[in-house]
Amino acid sequence: MSAAPVVVVGANGLVGSRLVARLAARQSVIAVARGAARAEMQMLLAAQAQSGRATLEYEDLDLTLDGALKDLISTRRPSAVVFAAAMTDVDACERDVPLAWQLNVRAVEEAALGCREVGARFVSLSTDYVFDGLAGPYSEDDVPQPRGVYARTKRAGEEAALLLAPDCAVCRVAVIFSGRAGAKKTFAVGVAEALRAGREVKAFHDQFVSPTLADNAAELCITVLDSRAQGIFHCSGAEVVSRVEFCHRLARRLGADEKLVIPVALADLKLPAPRPLRCGLLVEKVRALGGQALNLDAALERFLSEQAGTAA
Ligand SMILES: NC(=O)c1ccc[n+]([C@@H]2O[C@H](COP(=O)([O-])OP(=O)(O)OC[C@H]3O[C@@H](n4cnc5c(N)ncnc54)[C@H](OP(=O)(O)O)[C@@H]3O)[C@@H](O)[C@H]2O)c1
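These numbers come from a predicted model, not from an experiment.

J.: Looking at this structure, how should I read the overall build of the protein chain?
T.: A tally of helices and strands in the protein chain yields eleven helices and 13 strands. In terms of C-alpha radius of gyration, the protein chain reaches 19 Å, essentially the compact-globule figure of 20 Å for 312 residues. Dimensions of the protein chain, computed from C-alpha atoms along their principal axes, come out at roughly 55 × 45 × 40 Å. Taking all 312 residues of the protein chain together, the buried fraction comes to 50%.

As structure tokens, then:
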């Protein structure tokens with residue numbers, strides 16, 4: 001066990017909560033999040049209180065307060081910071097550009113500068129949306145072409161991390177889903193609910209993505225953290241599928257009727273933020289580090305056991 005703690009920023013989030021759960025099982029963790037501890041964090045803190053082991057601390061910190069995160073890093077001198085907070089609502093980013101910049105760029109910059117000051121390793125999470133989706137799937141060597149406020153701020157955050165933190169890795173994830181109790185409701189949860197109830201569900205037939213179980217994203221990011229490798233790593237699920245195919249595969253696992261899935265075109269919805277169409281991520285690089293990027297059926301099996309409360 002490393003003596004200095006690891007800081008996880010965004011600890012109440014889909015991926016952040018799984019990073020905390022996995023890291024706290026082996027070392028000291030400072031979980032940084034906004035407001036009171038929620039769902040999974042409460043369970044982890046309660047389990048710790050029962051066990052008498054004190055490896056997990058919870059810090060309420062608002063990332064819109066300039067300097068607060070850097071101060072925390074300067075004071076606590078962690079061995080590493082994993083940054084999984086973000087403004088992830090892509091349409092909200094279009095409406096509030098300054099807030100998107102604050103969370104997706106400035107807060108990352110602060111974390112990177114804090115890591116630079118104390119000599120900590122920095123792992124910053126990013127997105128498949130840094131690509132325009134015209135020619136995916138993409139490897140880490142492909143040149144980003146972000147469209148829209150969310151994508152552009154996330155790409156700027158990547159540059160801030162890579163330029164400012166001397167020991168840095170950027171982990172790109174995609175279309176996160178989680179079946180954990182209390183986790184934010186994602187597309188997959190809505191689809192599973194509809195299919196179980198025998199209701200129709202609409203899905204894009206023309207958007208191709210790398211769906212990623214939050215817990216698997218956390219595993220892959222920890223592989224990158226431990227590797228000491230520098231640069232960009234794709235930490236998504238291993239299969240590129242259309243949203244319709246994702247729903248069909250989920251329907252099969254649930255024994256539901258695939259005809260309930262109604263294909264629609266992304267352009268039909270006239271959404272405020274641009275969404276890349278062919279945006280799959282290639283995961284060979286993280287696999288070469290030993291990362292176990294899951295195929296979709298394996299991820300769906302784990303998702304359903306999370307929903308059933310039987311996952312580890
Ligand atoms: N979700 C996806 O499908 C997806 C796809 C591609 C890439 N990513 C990237 O993956 C990473 C993790 O995303 P995720 O899906 O786990 O996100 P998430 O569930 O939305 O979690 C993000 C966390 O950031 C926190 N946050 C937002 N504003 C804050 C503030 N002012 N102060 C403190 N914390 C604040 C949120 O707090 P609250 O809980 O209080 O709102 C939330 O817990 C991000 O870098 C994201 O861009 C996600």
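J.: How should I be thinking about the site of the ligand in this particular structure?
T.: Residues in contact with the ligand amount to 27 residues; listed here are only the nearest, G13, L14, R34, A85 and T127. Residue assignment for the shell around the ligand shows that the elements contributing at least two residues are helix 1 (14-24) and strand 5 (121-127). For the shell around the ligand, the residue count by class is 13 nonpolar, nine polar and five charged.

J.: It is not clear to me how helix 11 (residues 296-308) should be interpreted in this structure. Could you clarify?
T.: In an α-helix, one full turn covers 3.6 residues, which means residues spaced three or four apart are oriented alike. For helix 11, which comprises 13 residues, the first-to-last C-alpha distance of 18 Å matches the rise-based estimate of 18 Å (1.5 Å per residue) to within 8%. Those residues of helix 11 that fall on the buried side of the exposure criterion are L296, A299, L300, F303 and E306. Seen end-on, helix 11 carries its buried residues on one side only, within an arc spanning 115°. Tucked inside the fold, the buried residues of helix 11 contact strand 7 (176-177), helix 7 (187-197), strand 10 (212-213), helix 8 (214-227), strand 12 (241-242) and helix 9 (243-254). Two residues or fewer after helix 11 comes G309, characterised by a positive phi angle close to 75°.

J.: Quick question: what am I supposed to make of the sheet that holds strand 1 (residues 6-9) here?
T.: For sheets, the rule is that strands pair by backbone hydrogen bonds, running either parallel or antiparallel. Strand order in the open sheet made by the seven strands is 3-2-1-4-5-6-11, with parallel pairing throughout. The outermost strands of the open sheet, each flanked by one partner alone, are strand 3 (56-60) and strand 11 (231-234). Within this sheet the neighbouring strands show an average axis-to-axis angle of 20°, counted without direction. When strand 4 (residues 80-83) meets strand 5, the two strands line up parallel, connected through four bridges. Looking across to strand 5, one finds that A80 is bridged to R121. Contacts from helix 3 (residues 68-76) reach strand 1, strand 2 (29-33), strand 3 and strand 4, with the element oriented near 165° to strand 1. Taken strand by strand, helix 6 (residues 149-164) contacts strand 5 and strand 6 (168-173), and its axis lies near 165° from that of strand 5.

J.: Would you take a moment to explain the nonpolar core for this structure?
T.: Side chains of nonpolar character tend, in soluble globular proteins, to be buried together. In terms of nonpolar packing, the biggest core is built from 106 residues, with V8, V20, V81, V82, A111, C171 and C221 touching the most fellow members. Apart from residues lying up to four places away in sequence, V81 is in contact with V7, V9, I73, A111, G114, C115, A120 and F122.

J.: Would you mind showing me how to read unusual backbone geometry here?
T.: What is expected of a backbone is that most residues other than glycine have negative phi and most peptide bonds are trans. Of note, the bond from G136 into P137 is cis; its omega dihedral lies within 30 degrees of zero at 5°. The backbone of V175 shows a phi angle near 30°, a positive value even though the residue is not glycine. With respect to the element layout, V175 can be found in the loop between strand 6 and strand 7. Accessibility expressed as a C-beta count within 10 Å gives 22 for V175, which makes it buried. Phi is positive for K270, close to 50°, though the residue is something other than glycine. A residue is classified by how many C-beta atoms lie within 10 Å of it, and K270, with 6 of them, is exposed.

J.: Teacher, can you tell me more about the packing of helix 5 (residues 97-118) against helix 6 here?
T.: Helix-helix packing is characterised by the crossing angle of the two axes and by the distance between the axes. Relative orientation of the contacting elements helix 5 and helix 6 amounts to 10°, with a least axis distance of 9 Å. Relative to helix 6, helix 5 is oriented roughly parallel. Within the contact between the two elements, helix 5 uses V97, A100, W101, N104, V105, V108, E109, A112, L113 and R116 and helix 6 uses V149, Y150, T153, K154, A156, G157, A160, A161 and L164. Of the residues belonging to the contact of helix 5 with helix 6, the class tally is 13 nonpolar, three polar and three charged.

Criteria and cut-off values
- Residue numbering note: each chain is counted from 1, following its sequence as written.
- Restriction of local features to residues with pLDDT of at least 70 applies here, the model being predicted, together with a cutoff of 80 or more for giving and counting side-chain atom pairs; totals for whole chains, interfaces and linings are based on all residues.
- Numbering of helices and strands runs from the N terminus; a helix is a DSSP stretch of H or I covering at least four residues, while a strand is a stretch of E covering at least two.
- Throughout, radius of gyration means the C-alpha value; the globule benchmark is 2.2 Å times the number of residues raised to the power 0.38.
- Residue burial is a threshold on neighbouring C-beta atoms within 10 Å of the residue's own C-beta, all placed from the backbone, with 20 or more meaning buried, 12 or fewer meaning exposed, and counts in between meaning partly exposed.
- Each residue gets a C-beta atom placed from its backbone. Should that atom fall within 6 Å of a molecule or strand, the residue is termed near it.
- Residues are sorted three ways: Asp, Glu, Lys and Arg are charged, Ala, Val, Leu, Ile, Met, Phe, Trp, Tyr, Cys and Pro are nonpolar, and all the rest, Gly among them, are polar.
- Expected span of a helix: the number of residues minus one, times 1.5 Å.
- The arc in question is the one spanned by the directions pointing from the helix axis to the C-beta atoms.
- Residue pairs are scored as contacts if the distance between their C-beta atoms, which are placed from the backbone, is within 7 Å.
- In this scheme, strands are said to pair when DSSP sees at least two bridges between them.
- In this analysis, axes come from line fits to C-alpha atoms, helices being fitted only over the stretch in contact, and the angle between any two N-to-C directions falls in the range 0 to 180 degrees.
- Buried Ala, Val, Leu, Ile, Met, Phe, Trp, Tyr and Cys residues form a nonpolar core when they are connected through C-beta atoms within 7 Å.
- An angle counts as roughly parallel when it lies under 35 degrees, as roughly antiparallel when it exceeds 145, as roughly perpendicular when it falls between 65 and 115, and as oblique in every other case.

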